[in-house]
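What follows is the residue order along each chain.
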Amino acid sequence: MIQLRDIYKSFGGTPVIKGATLDVKEGETLAVIGRSGSGKSVLMKHMIGLLKPDSGYVLVDGVDINKLAYHELQKLRRNFGVLFQGGALFDSMNSFDNVAFPLRSFSKKSEADIKRDVLECLDMVELPDVGPKFPPELSGGMQKRVALARAIAMRPRYIMYDEPTSGLDPETSNVIDQMIKSLAVRLNVTSVVVTHDMHSVLTTADRVAFINEGRIWWVGSIPDLHECADDTLINFVRANEYQIGAGGASGNRPHQSVVPRQTN
Amino acid sequence: MTVTLPRILDPFVSLGRFALLLARAFRSVAELGRYSKNIFEQMVRIGIESIPIVALAALFSGAVTTVQTAHQLVSPFIPVSIIGAVVVPSVILELGAVVTGFLLAGRVGARIAAELGTMRVTEQIDALEAMGLNSVGYLIVPRVVAGVIMFPVLYIVACVVAIAGGIFVGHYTGEVPAGEFIAGAREFFRPFDAVFGLIKSLVFGFVITAISCYKGYYTRGGAEGVGRATTEAAVTSCVYILLADLILASTLL
Ligand SMILES: Nc1ncnc2c1ncn2[C@@H]1O[C@H](COP(=O)(O)OP(=O)(O)OP(=O)(O)O)[C@@H](O)[C@H]1O
Ligand SMILES: [Mg+2]
């Protein structure tokens with residue numbers, strides 16, 4: 001369980017987060033939505049202590065992570081898998097070594113076991129053959145999937161996805177969404193999906209938090225979202241639906257309804 | 001920190017951040033064993049791969065110093081061996097370390113800042129931290145340690161090559177026979193000069209790698225930011241080399 005309590009954060013005098021309180025419940029998938037630049041990534045980085053709030057606190061499993069000694073924070077972070085917005089693959093290593101990196105750093109597994117784990121992770125993201133390729137040789141979508149393989153390599157309890165589907169074609173987006181869903185079930189993880197793709201939200205999330213003007217403007221379940229009467233949120237969702245209708249970059253998912261849900 | 005400090009305090013803020021980063025690096029030295037592979041890799045990239053360019057610069061500066069010294073000093077009343085006695089100490093005391101330093105501020109400093117800067121703006125540093133790795137221990141400590149170890153080595157290479165270049169040019173231009181050059185150098189050689197030069201190169205190694213790591217680690221603002229960090233790393237390193245040179249000379253000599 002992750003709890004944000006009254007978080008304030010500004011950069012160089014410009015406030016970005018102005019009092020955010022939010023819970024991520026054990027086992028759920030929470031989507032964090034909001035306009036570009038609204039502070040979604042900033043909020044996510046607070047959850048793993050990559051950014052420290054100016055005031056307010058962050059509790060993970062009841063522990064204030066900003067009061068931890070650095071080595072304790074490091075230990076706690078090993079429970080997290082993070083998919084960064086641009087993938088953040090290490091470009092000095094090939095895909096295989098990227099996925100193997102956390103395993104080699106932290107597990108005492110033999111190289112043979114690591115190899116098996118890495119191939120399994122790459123299989124999960126449906127890229128079994130990219131091991132020898134370096135990140136610059138991969139397309140943006142493939143980079144994201146390799147980064148996802150790296151994020152799940154250590155079997156984390158929490159997975160944070162920063163814009164997992166942005167810049168991807170609809171089909172790949174569907175694959176990623178299904179992956180988020182099935183990981184949530186198979187690995188029993190708690191997930192935070194930062195996105196402005198409503199399709200993704202409706203497919204993956206149990207609950208939704210909408211950031212606006214530096215605050216958590218609205219939180220609720222997907223059914224609540226359909227009932228919601230808040231104008232700002234409705235406008236945000238409509239703008240997205242309009243994109244979907246108009247075949248906009250991130251929205252158009254013609255195959256959405258025919259893609260079978262994974263049931264394992 | 002919600003207060004915005006006046007811009008005039010910027011240098012002090014930078015200095016504070018630099019000091020904090022160094023403190024973190026020193027604390028991470030305990031984990032050195034974990035990152036020994038990185039140290040070795042950096043020693044090759046910072047040290048071994050710099051040998052050709054350092055040798056080239058040293059060769060020419062040794063040769064030029066010899067020719068110019070000959071031009072200034074030679075008269076029928078001064079023995080030509082004085083050329084060796086002038087050239088060798090100036091190479092050992094100043095040229096060897098400073099030429100190496102300036103060259104490596106560009107070659108090593110800029111590269112470190114570009115690497116770390118790119119890792120910062122593409123969130124690779126965040127990714128390291130998010131995995132529970134110590135990014136300072138993993139990225140900065142190996143580079144600084146490799147710099148501190150390899151700069152003295154490069155300094156020795158520079159001195160040897162510069163002196164050899166001096167002897168060679170002096171001999172073949174007929175200004176000073178090799179034997180005389182060496183005899184002059186030997187007569188006035190003070191072992192402390194060499195120790196001092198080694199200390200200098202070690203300090204320069206630290207200054208360049210530490211400043212460049214700092215500039216790279218705190219890069220902001222995309223590709224443009226990386227460009228800025230790279231230039232700043234090279235320029236700032238050069239300025240601080242000069243400053244360190246002066247401080248060392250006035251305290252140790
Ligand atoms: N390290 C930083 N230093 C300074 N400003 C920052 C930093 N990180 C984020 N910001 C600023 O905070 C604001 C919110 O950024 P953030 O990356 O969280 O937006 P976002 O909601 O994730 O947007 P997007 O959907 O485009 O990714 C932006 O104005 C950004 O410029
Ligand atoms: Mg973002």
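Note that residues are indexed from 1 along each chain, following the sequence as it is written. Note on labels: chains are lettered from A, ligands numbered from 1, in written order. Per-residue local features are limited, in this predicted model, to residues with pLDDT of at least 70; the limit for side-chain atom pairs, both in listing and counting, is 80 or more; totals at the level of whole chains, interfaces and linings are taken over all residues. Processing note: side-chain calculations cover all non-hydrogen atoms of the structure and skip hydrogens and water entirely.

Trainee: Is there a simple way to think about the overall build of chain B in this case?
Mentor: Numbered from the N terminus, helices here are DSSP runs of H or I no shorter than four residues, and strands are runs of E no shorter than two. Assigned secondary structure in chain B consists of nine helices and zero strands. Its helices and strands taken in sequence order, chain B reads α-α-α-α-α-α-α-α-α from the N to the C terminus. The cut-offs for exposure are 20% and 50% of the maximum accessible area for each residue type, with area from a 1.4 Å probe on protein chains only; residues under the lower value are buried, those over the upper are exposed, and the others partly exposed. Across the 253 residues of chain B, 48% fall into the buried class. Here a residue-residue contact requires only that any non-hydrogen atoms of the pair lie within 4.5 Å. A sequence separation of at least 24 residues applies to 85% of the contacts in chain B between residues at least 6 apart. All accessibility values rest on the Shrake-Rupley procedure with a 1.4 Å probe; residue burial counts only the protein chains present in the view. When the accessible surface of chain B is summed, it comes to about 12,100 Å², and 72% of that surface belongs to carbon and sulfur atoms. Seen as two clouds, the 17 positive and the 16 negative side-chain charges of chain B have centres 7 Å apart. In this tally, Lys and Arg are treated as positive and Asp and Glu as negative; His is ignored, and so are the chain termini. By convention, the charge on Lys lies at NZ, on Arg at CZ, on Asp at CG and on Glu at CD.

Trainee: Teacher, can you tell me more about helix α1 (residues 40-47) of chain A here?
Mentor: Because an α-helix completes one turn every 3.6 residues, residues spaced three or four positions apart along the sequence face the same direction. Residue and element names in this part refer to chain A. Summarising burial for α1: seven of the eight residues are buried, a large majority. Within α1, burial applies to Lys40, Val42, Leu43, Met44, Lys45, His46 and Met47. Gly49 lies just past α1 and shows a positive phi near 75 degrees.

Trainee: I'm lost on the pairing of strand β8 (residues 190-195) of chain A in this one. Help?
Mentor: Side-chain positions along a regular strand alternate between the two faces of the sheet. Residues and elements named next belong to chain A. Counting buried residues along β8, six of its six residues qualify, which places the element largely inside the surrounding structure. Burial of β8 is two-sided: the residues Thr190, Val192 and Val194 facing one way and the residues Ser191, Val193 and Thr195 facing the other way are all buried. Two strands qualify as a pair provided DSSP detects at least 2 bridges between them. Bridging between strand β3 (residues 29-34) and β8 involves five bridges; their strand directions are parallel. From the neighbouring strand, Leu30 faces β8, where its bridge partner is Val192. Pairing between strand β7 (residues 158-162) and β8: five bridges, direction parallel. From the neighbouring strand, Tyr161 faces β8, where its bridge partner is Val193. The handedness rule is simple: strands pointing away from the viewer, and a clockwise path from the first strand over the helix to the second, make the crossover right-handed. Handedness of the crossover joining β7 and β8 through helix α6 (residues 170-186): right-handed.

Trainee: I keep staring at the packing of aromatic side chains and nothing clicks. Help me out?
Mentor: Any two aromatic rings considered together are summarised by their centre-to-centre distance and by the angle between their planes. Pairing of aromatic side chains here covers Phe, Tyr and the six-membered ring of Trp, requires ring centres within 6.5 Å, and sorts the geometry by plane angle: under 30 degrees stacked, over 60 edge-to-face, intermediate tilted. Counted by the stated rule, this structure contains 10 aromatic pairs over all chains. Aromatic pair Tyr214 of chain B and Tyr218 of chain B: ring centres 5.6 Å apart, planes at 65 degrees, arrangement edge-to-face. Note on Tyr218 of chain B: relative accessible area 29%, which makes it partly exposed. Members of the aromatic cluster, each reached through a chain of ring pairs, are Phe90 and Phe101 of chain A together with Tyr35 and Tyr138 of chain B.

Geometric values such as these leave the question of function open.
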